[in-house]
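Overview (structure and organization)
Letter by letter, the chains look like this.
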Amino acid sequence: MSQEARKRILGRVRDANRDRETVAHPGPLPEAVEPPVPFGKAGRTDSVGAFEDRFRAAGGEVVRLFEEGSAQRWLKEFASEFESVAVCIGVPDDLQPDLPAAPSSDAALGVSVAVGAAAQTGSLLLSSREGHQSQLLPPVHLVWLRVQDVYGTLGDALEGRRENLPATLALHSGPSKSADIGQMIVTGVHGPGRIIAAIVGPDMGTGV
Amino acid sequence: MEIHSRDYRQRARHIIQETPEVREAVTAATQTFDDHRRAAFDDLDRDALRRWAEGVKSHALTHLEEYLQEAEARLLERGAQVHWAETASDVHQVFQHIVAKHGVRRAVKAKSMLSEEIGLNPFLEACGVELFETDLGEYIIQLLGEPPSHIVGPAIHRSLEDVQGLFHDRLGTPFDASPEELAKAARRVLRDAFLTADLGISGGNFLVAETGSIALIENEGNIRMSTSLPRIHVALVGIEKVLPRWADLPTFLQVTSKSATGQPVGTFVSIIQGPGCLVGQEPDGPEEFHVILVDCGRTRLLADPEAWEALRCVRCGACLNVCPVYRQTGGHAYGYVYSGPIGAIIGPGLVGLGETVPLPFASSLCGACEEVCPVRIPIPKLLHVWRQRAVERGLTDGAERSILDLWAAAVTHPRLFGWVEKLMAIIPEWVSRRLPMLRDWNSGRELPVVEGRTFRELWEEGIE
């Protein structure tokens, strides 16, 4: 059934376009169209600052940690708020909270590692190779992000992923939210109501 | 779904007269959407961006055969199962097969306008599947037994009080529950559904040919969950959703989000290439990923020498938000899954002008829709095209046609025009109030007092 349908649909598409003048692809988006924010190269201070601003504007939280020692100290204090954790498989041992492990559906905290971030949209890039459930089911989501993985534009952040795509590449740009009830914003509707981006690594200077 | 567009006038009148709160809710919501849209484009060269987006979509449509085949090849390489469906019935058969093969009892569904087109929910329920709409707005209207009222905000016609009453009756929340408490109650029901469903159903905002990626934009996280937690995921994708290159996707994600809600990008974006278990041994995710490429009138619209441009639509809803006619009634008056200006030009193309004939006339032709469209669809021009075809095919009201014919004859014959002028000057008000065409215009308006003499007579007497 499907193969016959395929043949007929593609045949009708071909017939529909037969006498139509083809339109050329306009190529890359002209640079002048991009926002005038001077996004720097990956990891540069201006990109990290723009990411922080936009992620916070969407309701996310950001912690800037300049070296691993301070990251572990911060984690210890942060984790004390929670009773259990579900950790994605890519999180290094020393960045895992010292909490009882629980299934993602029961855990108070989910922890994962971003494969990148885009300053332009304030988005974390998460891979399904880490597992979906710990990124989605706990009410609070902590995401570790290396400073050198913060890209300027969303295009730059996605370009590097094209050759090795996971089953799902996801962008998380703030806590779960909805305005479907009387146009009033509520958070934590389905996914995490709190998301914290913990950016780890030294200041890399500006991109200029 | 059943189409009730022919009753547009009666439905619109009923909504305006019987439920005036709908106009209030819809106007407030759409104005907020539009304010956010304007702010989102403030620091961009919006015209250049729209021209670029128009170019990419037109390129994709004029090369649609090769891009569909490319997308299919990439999806198959990654372990997806690709189905082609010409009609709603073809889509139903695919689902019937999946439901029977896997013994599906429970399904969670993300918002998909295409699923509304093909009447998927009643079909699955008839197959014995317990189906949960998981977008909060869709969940509200599922409980109410209503179709969506807006492409992006399906329940914008409902107030907080409406939802309080509904959830009190169905979920046992207090009458005065806050939006947070109401959302929490829905979350409890739907979280259980996510964790126990066998099947997850989604639409697709974009299909990237180069990588075979289905991209979905949302704010709640329900699409992320519907597409990753159940063991089977089925994505319904209209064949016009193709983007040629991976590099096109970032801009389209942003343009669509900004146009819809004014966000830089939706809170969650899922870019899906294949089933979890087959790509690099991932820890979770669906075991099967099905993509149904759906025609349902799209090839007919593509063949239309003028209206094909409507297929560029990215379903952002920006044209609904600025439409002064849509704001009066919301989407239910249109009697079709797509409402507002875009519904008025897509509906006749997808399901035929005979079924949807009043819709192209449900517009003031102010042009605001074209101005905000991120892919520059010439909506007012296409409304004219469908109106003209409706007249040519004799689908418009007979009395209206006769009066317009008389008017055309009068204004092209000066002597006849003079007689009509005299007639109109002496005609009693109670008669003019009952004339076809004038009847609707006159209702709710005070007619000017007739002076008794025509302009031409006054002119000949010498007007100071």
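Conventions used here
Residues numbered from 1 in each chain as written. Chains lettered and ligands numbered in written order. Predicted model: local features only at pLDDT ≥ 70, side-chain atom pairs only at ≥ 80, totals over all residues. Heavy atoms only, no water. Patch = residues over 30% accessible without salt bridge, like charges linked within 9 Å, V, L, I, M, F, W, Y side chains within 5 Å. Areas by Shrake-Rupley, 256 points an atom, 1.4 Å probe, with all protein chains shown as cover. Salt bridge = Lys/Arg side-chain N within 4 Å of Asp/Glu carboxyl O. Helix = DSSP H or I, 4+ residues; strand = E, 2+ residues; numbered from the N terminus. Buried < 20%, exposed > 50% of the residue type's maximum accessible area, 1.4 Å probe, protein only. Pairing = 2+ DSSP bridges. Axes fitted to C-alpha atoms, helices over the stretch in contact; angles between N-to-C directions. pLDDT = per-residue confidence, 0-100. Expected span 1.5 Å × (residues − 1). Polar contact = N/O pair within 3.5 Å; in protein donor to acceptor, adjacent residues only side chain to side chain. Contact = heavy atoms within 4.5 Å. Domains from an automatic or database assignment. Buried area = accessible area lost by both parts, 1.4 Å probe. Nonpolar A, V, L, I, M, F, W, Y, C, P; charged D, E, K, R; others polar.

All right, on to a nonpolar patch on the surface then. Residues and elements named next belong to chain B. A contiguous nonpolar patch, built from Phe455, Trp459 and Ile463 and spanning about 380 Å² of accessible area, is present on the exposed surface. Examined against the element boundaries, Trp459 turns out to sit in helix H24 (residues 455-461). Among the residues examined, Trp459 registers a relative accessible area of 58% and is labelled exposed.

This paragraph deals with the sheet that holds strand S7 (residues 150-151) of chain A. Taken in spatial order, the 8 strands of this open sheet run S7(A)-S4(A)-S5(A)-S8(A)-S9(B)-S6(B)-S5(B)-S8(B), and their pairing is mixed. Because the sheet does not close on itself, it has two edges, and the strands there are S7 of chain A together with strand S8 (242-243) of chain B. As paired elements, strand S5 (residues 123-127) of chain A and strand S8 (residues 168-172) of chain A share 4 bridges and run antiparallel to each other. Considered in S8(A), the bridge of A:Leu125 is made with A:Leu171.

Attention now moves to the sheet that holds strand S2 (residues 85-87) of chain A. Residue and element names in this part refer to chain A. With parallel pairing, 5 strands are arranged side by side in an open sheet as S1-S11-S6-S3-S2. Edge positions in the open sheet fall to strand S1 (61-65) and S2, since each of these has one partner strand only. Taken over all neighbouring pairs, the strand axes of this sheet differ in orientation by 20° on average, direction set aside. In this sheet, strand S3 (residues 109-113) lies alongside S2 in parallel orientation, the contact comprising 3 bridges. Bridging across to S3, Val85 finds its partner in Leu109.

Confidence in the prediction of chain B, expressed as mean pLDDT, is 93, and 98% of residues score 70 or more. We note a pTM of 0.93 for the whole complex and an ipTM of 0.96 for its interfaces.

This part covers helix H9 (residues 160-171) of chain B. Residue and element names in this part refer to chain B. In this model, H9 (12 residues) spans 15 Å end to end at C-alpha, consistent with the 16 Å of a helix rising 1.5 Å per residue. Every buried residue belonging to H9 is among Leu160, Val163, Gln164, Leu166 and Phe167, and all of these are buried. Positioned one or two residues after H9, Gly172 has a phi angle of 75°, which is positive.

Next up on the list: the side chain of A:His141. All names here are of chain A. Inspection of the secondary structure assignment puts His141 in strand S6 (residues 140-146). Side chain to side chain, His141 and Ser112 meet in a polar contact 2.7 Å long. Once residues within four sequence positions are removed from consideration, His141 is found in contact with Gly110, Ser112, Leu126, Ser134, Gln135, His172, Pro192, Arg194, Ile195 and Ile196.

This next bit is on the domain arrangement of chain B. Along its sequence, chain B is carved into domain 1 (44-298) and domain 2 (399-461). The C-alpha-based centres of domain 1 of chain B and domain 2 of chain B are spaced at 53 Å.

This brings us to the pairing of strand S9 (residues 268-272) of chain B. Counting buried residues in S9(B) gives 5 out of 5 residues, a clear majority hidden from the surface. Every second residue of S9(B) is oriented toward a common face, with B:Phe268, B:Ser270 and B:Ile272 on one face and B:Val269 and B:Ile271 on the other, all of them buried. Strand direction decides the pairing type here: S8(A) and S9(B), joined by 5 bridges, are antiparallel. By the bridge assignment for S9(B), A:His172 is matched with B:Phe268.

Opposite the 73 residues of chain A that make contact, chain B presents 96 residues. Together, the buried faces of chain A and chain B total about 6,900 Å²; carbon and sulfur atoms form 61% of this surface. Interface area lost by chain A to chain B is led by A:Asp180, A:Ile181 and A:His190, which between them contribute 11%. Linking chain A with chain B are 6 salt bridges, by the criterion used here. One can count 45 residue pairs in polar contact (both at pLDDT 80 or more) joining chain A with chain B. Elements supplying a minimum of two residues to the side of chain A that touches chain B: helix H1 (2-17), helix H4 (133-136), helix H5 (154-159), S8 and strand S9 (177-178) of chain A. The greatest single-element share of the side of chain A that touches chain B, amounting to 11 residues, is contributed by H1(A). Of the residues in the side of chain A that touches chain B, the class split is 34 nonpolar, 26 polar and 13 charged.

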